[in-house]
Protein chains: 2
Amino acid sequence: MRGRVTMRDVARQAGVSPMTVSRALKQDGSVNAATRAAVRDAAEQLGYVYDSTAQAFRAQRSGFLAVTLPSINNANFAATHRALTRSLANTELQLLLGVTNYRLDEEERLVRQLLARRPEAIVLTGGHHTEATRKLLQSMDGPVFEIWDQPHDPVDHVVGFSNADAMTMIVEHLAETGRKKFGYLGAIGDSDRRGAERRRGVLDAVKVLGLPDVTVLEACEAPISMTAGAQAVERFARDIRELDALICVSDPVAFGAISVLTRLGVSVPGDIAVTGFGAFEVAGLSNPTITTVDVGADRIGTELGRLVQSVLEADRDSTPINLQLTPTLIRGGSS
Amino acid sequence: MRGRVTMRDVARQAGVSPMTVSRALKQDGSVNAATRAAVRDAAEQLGYVYDSTAQAFRAQRSGFLAVTLPSINNANFAATHRALTRSLANTELQLLLGVTNYRLDEEERLVRQLLARRPEAIVLTGGHHTEATRKLLQSMDGPVFEIWDQPHDPVDHVVGFSNADAMTMIVEHLAETGRKKFGYLGAIGDSDRRGAERRRGVLDAVKVLGLPDVTVLEACEAPISMTAGAQAVERFARDIRELDALICVSDPVAFGAISVLTRLGVSVPGDIAVTGFGAFEVAGLSNPTITTVDVGADRIGTELGRLVQSVLEADRDSTPINLQLTPTLIRGGSS
DNA sequence: TTGAAAGCGTTACCAC
DNA sequence: GTGGTAACGCTTTCAA
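Note that the coordinates shown come from a computational prediction; the quantities given were computed from them, not determined experimentally.

Undergrad: Any chance you could explain the packing of helix H4 (residues 52–59) of chain A against helix H4 (residues 52–59) of chain B here in plain terms?
TA: The interhelical angle for the contact between H4 of chain A and H4 of chain B, taken along N-to-C directions, is 130°, at an axis separation of 9 Å. By the angle between their axes, H4 of chain A is oblique relative to H4 of chain B. In this structure, H4 of chain A meets H4 of chain B at a crossing whose hand is left-handed. Here Thr53, Ala54, Ala56 and Phe57 of chain A of H4 of chain A lie close against H4 of chain B, whose contacting residues are Thr53, Ala54, Ala56 and Phe57 of chain B. Taken together, the residues that form the contact of H4 of chain A with H4 of chain B break down as six nonpolar, two polar and no charged.

What follows is the structure, given as structure tokens:
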């Protein structure tokens, strides 16, 4: 592999100075058309590739927007990512993605790594972080965005919604349709913080309604998948037969649950109502369709993209924005 | 927010030279323990964050591994990404991800953008590219890896499998179980190149077996989802009733198809066999379970990680490796 | 064990 | 319309 071609090489080839090359390769109007053509030709000929690293270094602007997601294999987070990319399409910002696997210690490691790339801004999924992460974020040289959550104590800007309130809608809907004995199926402990918030929302709402205590079923460590949902239902079949309604942390889990319940001869929604979360595609195609909550994952991405742009354009520190979206209940055949 | 803290600032604070800071912050043994402690303290105090951009610039090594994926919301590509990340955990390489949305023109734009970051190597999902992309890749200053495919004319290294051959397994399995009149449900045209390869595999295998021509049903532009699969079956219901077997481009599509067929009173596999592709979770939990092909998405990631490392360690150009994996058929209740 | 200098590729700024 | 100079933060190399 031959040494890289630099603007110097192009300049030599075109018989101009490096400075002119730099100008010619941009849309800088102050360059003679003939000169520009010569430079472009030379660059083409030599296979010149622009060096963003040098540019980032020189300008002290990386052009990166760092983003952490708990998982990439999740239609909701993928939708946010996609909408964000689209919302930033007309900018120079490039996404620098890190996946935390739902672990705060991995998030810390990632944030450290991402910040070393000097991103213009950083986006974190979730409002819970380790102490060290918070400290890193606070000393960060640019805005911080927390999404998909309603942080108690936001670091900076927020685009999210209340996972707990979303669950209240589910509980109220189930109560209205006469369900009384609730179970909640999610991941173990608090590893999935948004899942933990949902669980809290269920417990609180049930208490407010004066209904019996919720049976909390812990499937496995986050992320909890279709298969994990199915296995958990097999494992907890006895507990579940006592219930009126099984509230699942997500649609895939609900789908896995319904799949096993049906196989076990338990009728959904006849014997038990089952609900999901997230308005995944499978919710609308499962049989029965699954009652769920649409949190507007793509809207989070779109709004986030807008907000990032406006905050970065306002070069001075802007006061923190907290944009809270309202999820909507989608009634399906499963309840 | 205040100007960035550099090694110079840390050096001043600790009363040493920048050079000593640089050494102290690494595991360089040649620094006095006391000096190192002082430097670390100073760095901590000032909230110093290492600047990877400057390091990358100075060393002319970005530490990036550029990766393009057609989609992020796809369990298979996500599995490859995850396995790759894991396989590279003990290295300094950082993934720089770009999503093409199954479009070659977007791939070209992305490759241009990614190469400007001077990655150590680049990984492309798929073996089809625009002419311009190929040219960019050939002049790239580092190894190129194509995955998830069996390119006709590989740019460099490959870790993949034959999408067409995988389909042959499906067709033979269906033929063995007495199916004769096949349909294929996939995306329109060749936008999804791996999908197009699968279609080709079906057509060829059916021809080899001397069976009637395949009815090709085009649902929509790639990516084709569960919902798109369902809608296509509604639209093509009449054609589908004439068939013995419906071969779908992926498991989600097959799931959507089965969902609608069941609703229409068409029995699967009684009236028609349905098959998928990719061994998605839904295949094992759908009712009936879906006959599919496991392509070893995570294995691609793991092997790729190993290969990337070994190629980068061998500093001279290594001869192109072509690692072809063998998919396995998974018989489900849908056939 | 520590320090000084030089330079990676690009571009803002100032000359011409 | 074009060119020279300097600087961004870090580390290799050489010197003390």
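Undergrad: I keep staring at the protein's contact with DNA strand D and nothing clicks. Help me out?
TA: DNA strand D sits among 24 residues. The nearest are Thr20 and Thr35 of chain A together with Ser22, Tyr48 and Tyr50 of chain B. Protein-adjacent atoms of DNA strand D, using a 4 Å cutoff, are sugar or phosphate at a proportion of 56%. Within the side chain of Thr35 of chain A, a nitrogen or oxygen atom sits 2.5 Å from a phosphate oxygen of DNA strand D. Tyr48 of chain B places a polar side-chain atom, nitrogen or oxygen, 2.3 Å from a phosphate oxygen of DNA strand D. Mapped by element, the contributors of at least two residues to the surface near DNA strand D are helix H2 (18–25) and H4 of chain A together with helix H2 (18–25) and H4 of chain B. By residue number, the principal contributor to the surface near DNA strand D is H4 of chain B, which donates four residues. Split into classes, the residues belonging to the surface near DNA strand D amount to 10 nonpolar, nine polar and five charged.

Undergrad: In this structure, what is going on with the interface of chain A and chain B? I would like to understand it.
TA: How big an interface is tends to be stated in terms of accessible area lost as the parts join. Across the boundary between the two partners, chain A contributes 53 residues, which contact 54 residues of chain B. For the pairing of chain A and chain B, the buried interface totals around 5300 Å² over both sides, and the portion due to carbon and sulfur atoms is 51%. Here chain A and chain B share six salt bridges between them. Here Glu44 of chain B ties to Lys135 of chain A by a salt bridge, and the two come within 3.4 Å at their closest N and O atoms.

Undergrad: Which parts of the structure should I look at to understand the sheet that holds strand S2 (residues 94–99) of chain A?
TA: One key point about sheets: their strands pair by backbone hydrogen bonds, in either a parallel or an antiparallel sense. Residues and elements named next belong to chain A. Strand order in the open sheet formed by six strands is S2-S1-S3-S4-S5-S11, with parallel pairing between adjacent strands. A strand with exactly one partner marks an edge of an open sheet, and here the two such strands are S2 and strand S11 (322–324). On average, each strand axis in the sheet is inclined to that of its neighbour by 15°, with strand direction left out of account. One ladder, built from three bridges, connects strand S5 (residues 157–160) with S11; its direction is parallel. Its bridge partner lying in S11, Val158 is registered against Asn322.

Undergrad: Would you mind showing me how to read the sheet that holds strand S11 (residues 322–324) of chain B here?
TA: All names here are of chain B. Read from one edge to the other, the open sheet built from six strands follows the order S2-S1-S3-S4-S5-S11, with strand pairing classed as parallel. The sheet is open, and its two edges are formed by strand S2 (94–99) and S11, each paired on a single side. This sheet shows a mean twist of 15° between the axes of neighbouring strands, independent of strand direction. The pairing of strand S1 (residues 64–69) with S2 spans six bridges and is classified as parallel. Of the residues in S2, the one forming a bridge with Leu65 is Leu95.

Undergrad: It is not clear to me how the relation of the copies chain A and chain B should be interpreted in this structure. Could you clarify?
TA: Both copies of the chain are related by a screw-like operation: a rotation about an axis and a shift along it. Of the transformation superimposing chain A on chain B, the axial component is 0.1 Å and the angular component is 180°, with the fit at an RMSD of 0.1 Å. The symmetry that links the two subunits is that of a two-fold axis. No C-alpha of chain A approaches the rotation axis more nearly than that of Asn73 of chain A, which lies at 2.7 Å. Mapped onto chain B, 98% of the interface residues of chain A are again interface residues, and the two copies thus contact each other with one and the same surface.

Undergrad: For this particular structure, what's the right way to read helix H5 (residues 75–87) of chain B?
TA: In an α-helix there are 3.6 residues to a turn, and that puts residues three or four apart on one side. All names here are of chain B. When the terminal C-alpha atoms of H5 are compared, their 18 Å separation across 13 residues agrees well with the 18 Å that a helix rising 1.5 Å per residue should span. Buried within H5 we find Asn76, Phe77, Ala78, Thr80, His81, Ala83, Leu84 and Ser87. Backbone nitrogen of Asn76 and a side-chain oxygen of the N-cap are separated by 2.8 Å at the start of H5; the cap is Asn74.

Undergrad: Help me understand the UniProt feature "domain: HTH lacI-type" (unreviewed entry) in chain A in this model?
TA: UniProt marks residues 5–59 of chain A with the feature "domain: HTH lacI-type" (unreviewed entry), using the numbering shown here. The span residues 5–59 of chain A carries 69% helix and 0% strand; its end-to-end C-alpha distance comes to 20 Å.

Undergrad: How do you make sense of the nonpolar core when you look at a structure like this?
TA: Buried together is how nonpolar side chains tend to be arranged in soluble globular proteins. Ranked by size, the top nonpolar core spans 155 residues in total, and within it Leu246 of chain A together with Leu246 of chain B carry the most contacts. Look past the residues within four positions of Leu246 of chain A in its chain and what remains in contact with it is Gly183, Tyr184, Leu185, Leu217, Val233, Ile240, Ala257, Ile272, Ala273, Val274 and Thr275 of chain A. Among the nonpolar cores identified, the runner-up in size contains 29 residues, and Phe64, Leu115 and Leu124 of chain A together with Phe64 of chain B belong to it.

Undergrad: When you look at the protein's contact with DNA strand C in this model, what are you seeing that I'm missing?
TA: Looking at DNA strand C, there are 25 residues lining it, with Lys26, Tyr48 and Tyr50 of chain A together with Thr20 and Thr35 of chain B nearest. In DNA strand C, atoms within 4 Å of the protein come 55% from sugar and phosphate. Contact distances for DNA strand C include 2.6 Å between a phosphate oxygen and a side-chain N or O atom of Ser22 of chain A. Residue Tyr50 of chain A places a side-chain N or O atom 2.5 Å away from a phosphate oxygen belonging to DNA strand C. Breaking the surface near DNA strand C down by element, the ones donating at least two residues are H2 and H4 of chain A together with H2 and H4 of chain B. Top contributing element to the surface near DNA strand C by residue count: H4 of chain A, with four residues. By residue class, the composition of the surface near DNA strand C is 10 nonpolar, nine polar and six charged.

Undergrad: What exactly am I supposed to notice about the environment of Ile188 of chain B here?
TA: Assignment of secondary structure puts Ile188 of chain B in the loop between strand S6 (182–186) and helix H9 (193–208). With residues up to four places along the chain from it excluded, the contact list for Ile188 of chain B reads Glu218, Ala219, Cys220 and Glu221 of chain B.

Thresholds, definitions, all that
Residues numbered from 1 in each chain as written. Chains lettered and ligands numbered in written order. Predicted model: local features only at pLDDT ≥ 70, side-chain atom pairs only at ≥ 80, totals over all residues. Heavy atoms only, no water. Axes fitted to C-alpha atoms, helices over the stretch in contact; angles between N-to-C directions. Helix = DSSP H or I, 4+ residues; strand = E, 2+ residues; numbered from the N terminus. Parallel < 35°, antiparallel > 145°, perpendicular 65-115°, else oblique. Left-handed = near helix turned anticlockwise from the far one by under 90°. Contact = heavy atoms within 4.5 Å. Nonpolar A, V, L, I, M, F, W, Y, C, P; charged D, E, K, R; others polar. Near = heavy atom within 4 Å. Polar contact = N/O pair within 3.5 Å; in protein donor to acceptor, adjacent residues only side chain to side chain. Buried area = accessible area lost by both parts, 1.4 Å probe. Salt bridge = Lys/Arg side-chain N within 4 Å of Asp/Glu carboxyl O. Pairing = 2+ DSSP bridges. Least-squares fit on C-alpha atoms with pLDDT ≥ 70 in both. Expected span 1.5 Å × (residues − 1). Buried < 20%, exposed > 50% of the residue type's maximum accessible area, 1.4 Å probe, protein only. UniProt positions renumbered as here; feature names shortened; annotations may be inferred. Core = buried A, V, L, I, M, F, W, Y, C linked by side-chain atoms within 4.5 Å.

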